[in-house]
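Each chain is listed here by its residues.
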Amino acid sequence: SGPSGLMAALTAGRSGADVILCEESHAFGGRLLSDGGVIGGMPAGEWLAQVLAELEALPNVRLMLRPSVTGAYDHATYGALERVGLHKPARPNLPRECFWRIVAKHAVLASGALERPVAFPDNDRPGIMMASAVRTYLNRYGVSPGKRVTLFANTDQARATARELITAGVTVAAIIDPRPDASA
């Protein structure tokens, strides 16, 4: 349910198609919840709220939080395991999970982007994390990843991450960017 999945669901829903939007997490928004930004001239959070409100109002759209789509099978069949009560105190009338068999005429798989790590010796030690994880800690959970950090990056996005860290009171010791054409 990042921006691509939300727009696909909204476009299909507006056209009258029956839509199921699955979000594996507990909140819709994908990387918008961690990265923010501006979409369509609005802050990402406002855009997200507006799109979700429109999707919720469409009778042909089902919004599902906490299902993991487990596979794509023959004849446009998909499996999804929804966490219903697994994350709540046990109740006799609440199942822990529900398995959905979804048969779709069409499907849009907007599974999101994955940040590719920069490999270096000892990159799996505690305290070393991907920039997307740093932004998630800061922006989604309000947790500082440390007091003093060094960023090793190969994209201009490192500068945005550094600005967010500085705003949160974290000292950015350095940005190491091995690209010969890296911006200053």
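Structure first, text after, so check above.
Summary of the structure given here. The numbers attached to residues start from 1 for each chain and follow its sequence in the written order. Reporting of local features is limited, given that this is a predicted model, to residues whose pLDDT is at least 70; pairs of side-chain atoms are given and counted only at 80 or more, and all residues count toward the totals for whole chains, interfaces and linings. Heavy atoms throughout the structure, all of them, feed into the side-chain values; hydrogens and water do not.

Next up on the list: the environment of Thr-136. We count a stretch as a helix when DSSP gives it H or I for four or more residues in a row; a strand needs E for two or more, and each element gets its number in order from the N terminus. Looking at the element boundaries, Thr-136 is found in helix H4 (residues 131–140). As for Thr-136 and Val-51, which are separated by 85 residues in sequence, their C-alpha atoms are 22 Å apart. By the criterion applied in these results, polar contacts are pairs of N or O atoms within 3.5 Å in which, for protein atoms, one can donate a hydrogen and the other can accept it, and in which residues neighboring in sequence qualify only through two side-chain atoms. In terms of polar contacts, Thr-136 uses its side chain to reach the backbone carbonyl oxygen of Ser-132, at 2.9 Å.

The next thing to look at is the sheet that holds strand S6 (residues 77–83). Being paired, for any two strands, means DSSP has found at least two bridges between them. If you trace the 3 strands from one edge of the open sheet to the other, you get S5-S6-S7, paired in antiparallel fashion. Bordering the open sheet on either side are strand S5 (67–73) and strand S7 (97–103), each of which pairs with just one other strand. The average undirected angle you get between the axes of adjacent strands in this sheet is 20 degrees. Of the pairings in the sheet, the one linking S5 to S6 comprises 6 bridges and is antiparallel in character. Where helices are involved, their axes are fitted lines through C-alpha atoms of the stretch in contact, as for all axes, and angles between N-to-C directions lie from 0 to 180°.

On to the layout of surface pockets, then. In the cavity and pocket records, a cavity denotes points on a 1 Å grid over the protein atoms alone where a 1.4 Å probe fits but cannot get out, a pocket denotes an open set with protein on both sides within 12 Å along at least 5 of 7 lines, and lining residues are residues with an atom within 4 Å of a point. Grid points are joined across faces, edges and corners, and a volume is the space filled by probe spheres set on the points. A volume near 1,500 Å³ is recorded for the largest pocket. In this structure, the largest pocket is lined by 41 residues; those nearest its centre are Leu-21, Cys-22, Val-108, Leu-109 and Ala-110. Of all the elements in the fold, those that place two or more residues in the lining of the largest pocket are helix H1 (3–15), strand S1 (19–23), helix H2 (32–35), S5 and S7. With 6 residues, the top contributor of residues to the lining of the largest pocket is H1. Amino acids outside the nonpolar list (Ala, Val, Leu, Ile, Met, Phe, Trp, Tyr, Cys, Pro) and the charged list (Asp, Glu, Lys, Arg) are all regarded as polar, and Gly is one of them. Here the lining of the largest pocket is composed, by residue class, of 24 nonpolar, 10 polar and 7 charged. The computed volume of the second largest pocket comes to approximately 950 Å³. In terms of lining, the second largest pocket is formed by 32 residues, of which the most central are Glu-115, Met-129, Met-130, Ala-131 and Phe-152. Secondary-structure elements contributing two or more residues to the lining of the second largest pocket are H4, strand S8 (148–152) and helix H5 (157–167). Ranked by residue count, the leading element in the lining of the second largest pocket is S8, at 5 residues.

Residues Val-19, Leu-21 and Glu-23 line the buried face of S1, whereas the alternating positions Ile-20 and Cys-22 sit on a face that is not buried. The pairing of S1 with strand S4 (residues 61–65) spans 5 bridges and is parallel. Its bridge partner being in S4, Ile-20 is matched across the sheet by Arg-62. Each residue's exposure class comes from its accessible area (1.4 Å probe, protein chains only) as a fraction of the maximum for that residue type: buried when under 20%, exposed when over 50%, partly exposed otherwise.

Further remarks concern a nonpolar patch on the surface. Each patch is built from residues that are more than 30% exposed by relative accessible area and take part in no salt bridge. Like charges join if they lie within 9 Å; nonpolar side chains (Val, Leu, Ile, Met, Phe, Trp, Tyr) join within 5 Å. In short, Shrake-Rupley with a 1.4 Å probe defines the accessible areas, and a residue's cover is counted only from the protein chains shown. What counts as a salt bridge is simple: a side-chain nitrogen of Lys or Arg found within 4 Å of a carboxyl oxygen of Asp or Glu. Nonpolar side chains collect at one region of the surface, where Phe-120, Ile-128, Phe-152 and Ile-176 lie side by side and expose about 320 Å² of accessible area between them. Its location among the elements puts Ile-128 in the loop between S7 and H4. A residue is classified by how much of its surface remains accessible, and Ile-128, at 37% relative accessible area, is partly exposed.

Two measures describe an aromatic ring pair: the distance that separates the ring centres and the angle between the ring planes. Paired rings are identified among Phe, Tyr and Trp, the last through its six-membered ring, by centres lying within 6.5 Å, and are further divided according to the angle between planes into stacked (under 30 degrees), edge-to-face (over 60) and tilted (the rest). Counted by the stated rule, this structure contains 1 aromatic pair. With 5.7 Å between their ring centres and 50 degrees between their planes, Phe-120 and Phe-152 make a pair best called tilted. Here Phe-120 is found in the loop between S7 and H4, whereas its partner Phe-152 is found in strand S8, with 32 residues between them in sequence. The class for Phe-120 is partly exposed, based on a relative accessible area of 31%. For Phe-152, a relative accessible area of 38% gives the class partly exposed.

So yeah, pure geometry; function would need other evidence.
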